[in-house]
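Next come the chains, spelled out residue by residue.
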Amino acid sequence: MPEIFQMDRVDRITDILYGVATGRATITYRKLAFRVGARPDFLGHALEHVSRRAAERGEPMWSALVVSADTGVPGPGFYGMARRLDPRYRALTDTQIWEIERDRCYEVAVAARPA
């Protein structure tokens with residue numbers, strides 16, 4: 001049963017992040033955690049599932065939109081995961097990775113919006 005709950009949470013997070021992307025915005029770990037009924041420090045596993053599934057589908061890593069309230073950028077786990085999922089990122093800086101994936105999220109969400 002926990003795996004089903006986890007996948008439901010992954011779907012919910014993906015939906016939330018897609019909505020965030022349509023507004024060309026970001027969301028803090030705390031706000032996302034509140035919306036899915038989790039503690040902010042327990043989001044890492046679910047966010048990795050979100051990004052892994054998105055990468056398998058050729059979608060952007062939606063977790064790029066989840067940022068620290070203090071820094072305004074994703075936590076360090078995002079960059080390691082991005083480099084594992086896409087070897088092209090191994091030579092890029094954290095900032096470059098984040099800007100590429102954040103912008104990919106925005107582009108996909110805006111392109112899918114009804115005219």
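Look up: the structure comes first, before these words.
The rules behind each value
- Residues numbered from 1 in each chain as written.
- Predicted model: local features only at pLDDT ≥ 70, side-chain atom pairs only at ≥ 80, totals over all residues.
- Heavy atoms only, no water.
- Axes fitted to C-alpha atoms, helices over the stretch in contact; angles between N-to-C directions.
- Helix = DSSP H or I, 4+ residues; strand = E, 2+ residues; numbered from the N terminus.
- Parallel < 35°, antiparallel > 145°, perpendicular 65-115°, else oblique.
- Contact = heavy atoms within 4.5 Å.
- Nonpolar A, V, L, I, M, F, W, Y, C, P; charged D, E, K, R; others polar.
- Salt bridge = Lys/Arg side-chain N within 4 Å of Asp/Glu carboxyl O.
- Buried < 20%, exposed > 50% of the residue type's maximum accessible area, 1.4 Å probe, protein only.
- Polar contact = N/O pair within 3.5 Å; in protein donor to acceptor, adjacent residues only side chain to side chain.
- Core = buried A, V, L, I, M, F, W, Y, C linked by side-chain atoms within 4.5 Å.

1. Thoughts on the packing of helix H4 (residues 76–85) against helix H5 (residues 94–112)
Here comes step 1: Where H4 meets H5, the axes come as close as 10 Å, and the angle between the chain directions of the two elements is 75°. Relative to H5, the element H4 is oriented roughly perpendicular. In this structure, H4 contributes Phe 78, Tyr 79, Ala 82 and Arg 83 to the contact, and H5 contributes Asp 94, Ile 97, Trp 98 and Glu 101.
Here comes step 2: Partitioned by chemical class, the residues of the contact of H4 with H5 number five nonpolar, no polar and three charged.

2. Observations concerning the pattern of salt bridges
Here comes step 1: Summed over the entire model, instances satisfying the criterion amount to eight salt bridges.
Here comes step 2: Here Arg 39 ties to Asp 41 by a salt bridge, and the two come within 2.6 Å at their closest N and O atoms.
Here comes step 3: A salt bridge links Arg 104 to Glu 101, with the shortest nitrogen-to-oxygen separation between them at 2.9 Å. Of this pair, Arg 104 and Glu 101 both sit in helix H5, three residues apart, roughly one helical turn.
Here comes step 4: With relative accessibility at 28%, the residue Arg 104 sits in the partly exposed group.

3. Observations concerning the side chain of Asp 86
Here comes step 1: Turning to its location among the elements, Asp 86 is positioned in the loop between H4 and H5.
Here comes step 2: Within polar-contact distance, the side chain of Asp 86 engages the side chain of Arg 88 at 2.6 Å.

4. Focus: the nonpolar core
Here comes step 1: Within the largest apolar cluster, 22 residues are counted, with the highest numbers of intra-cluster contacts made by Ile 13, Leu 17, Leu 32, Leu 43, Trp 62 and Leu 65.
Here comes step 2: Looking at this core, the elements with two or more residues in it are helix H1 (2–22), helix H2 (29–36), helix H3 (44–56) and H5.
Here comes step 3: Top contributing element to this core by residue count: H1, with six residues.

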